[in-house]
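Commentary on secondary and tertiary structure
Listed below are the residues making up each chain.
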Amino acid sequence: MTANDVADDEVRYEIGEGVATITLNRPDAMNSLTTSMKSALLAAVERARDDASVRAVLLTGQGRGFCAGQDLREHAEHLESGRGLDDTVRRHYNPIVRTLTTMDKPVVAAVNGVAAGAGAALAFACDFRVASVKAKFAMAFTGIGLAPDSGASWTLQRLVGPARARELLLLGDAVDAGRALELGLVTRVVPAGEVLTVARELAVRLAQGPTRAYAATRRALDYAATHSLSEALDLEAELQDECAATADHAAATKAFLNKERPRFDGR
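Model, not experiment: these values are computed from the prediction.

With the rule as written, the count across this model stands at 10 salt bridges. Linking Arg12 and Asp9 is a salt bridge whose minimum nitrogen-to-oxygen distance equals 3.6 Å. Its salt-bridge partner being Arg263, residue Asp265 comes within 3.5 Å of it at the nearest N-O pair. Residue Asp265 is classed as partly exposed on the basis of its relative accessible area, which comes to 36%. Beyond isolated ion pairs, a larger network of salt bridges with shared partners links Arg263, Asp265 and Arg267.

Shown next, in the form of structure tokens:
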């Protein structure tokens, strides 16, 4: 088996109904991330970003865990050999999170179990998080003497506010699915056997929707979070002009006037 075959098996990629499903597939290790797996995950999210036939993305994990974060066995070997972090934050985690958060299509996470450290951060980088009742989130960075990475310092406080984010990141205590819903970490909590089905239904719905408008909405929200109202208004006007020129807008307006259900083609 070649390195590529191993990577392909560790991160599975499937397309159906306009949805690219990316599955982390190291269930015996709670889908913890090795170097090869991180490279494969980056390739998968970039593939989904660049494929015009993909209109939504679904990220999930195989088995009992969503993703336990960095594979600490491999990390310990790197420490012992003097390689340290091996620049993995810049080479792997940062580009993965940038791609998830900036691609022009919505991303849904189906959190089937434990999401810890970088694994939790990957879920937070998605637009929606459908969680199993068995899911748990743990910002485990300080527990091993590290600072947050994979965008956790940015995404977490935007989900739960700066004070709660500080608590979660500094203490690193695990949060169960019910508490995660209360805090706003997840979109929905569903029975364990239904999480992938419900998440996929949401992804398919998004794939059938006005994806150009979704992309503009994501861009507007991210921009407004760090700019003034005046600057946000200017960008809204720019994005609205772009959306108004799309075939989807014209068709949806016509459908509304004819009291018909609109059909969106992403153009």
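Read on, since the account is not over.
Here Thr23 lies in strand β2 (residues 19–24). Sequence-distant contacts of Thr23, that is, excluding residues within four places in its chain, are made with Glu10, Val11, Arg12, Thr60, Gly61 and Gln62.

This part takes up helix α4 (residues 88–102). The terminal C-alpha atoms of α4, which comprises 15 residues, lie 20 Å apart, in line with the 21 Å expected from a rise of 1.5 Å per residue. Of all the bends in α4, the largest measures some 30° and sits at Asn94, one to four residues before the proline Pro95. Residues of α4 that are buried: Thr88, His92, Tyr93, Pro95, Ile96, Val97, Thr99, Leu100 and Thr101.

Conventions used here
Residues numbered from 1 in each chain as written. Predicted model: local features only at pLDDT ≥ 70, side-chain atom pairs only at ≥ 80, totals over all residues. Heavy atoms only, no water. Salt bridge = Lys/Arg side-chain N within 4 Å of Asp/Glu carboxyl O. Buried < 20%, exposed > 50% of the residue type's maximum accessible area, 1.4 Å probe, protein only. Helix = DSSP H or I, 4+ residues; strand = E, 2+ residues; numbered from the N terminus. Contact = heavy atoms within 4.5 Å. Expected span 1.5 Å × (residues − 1). Bend = angle between axes of the 7 residues up to and from the residue.

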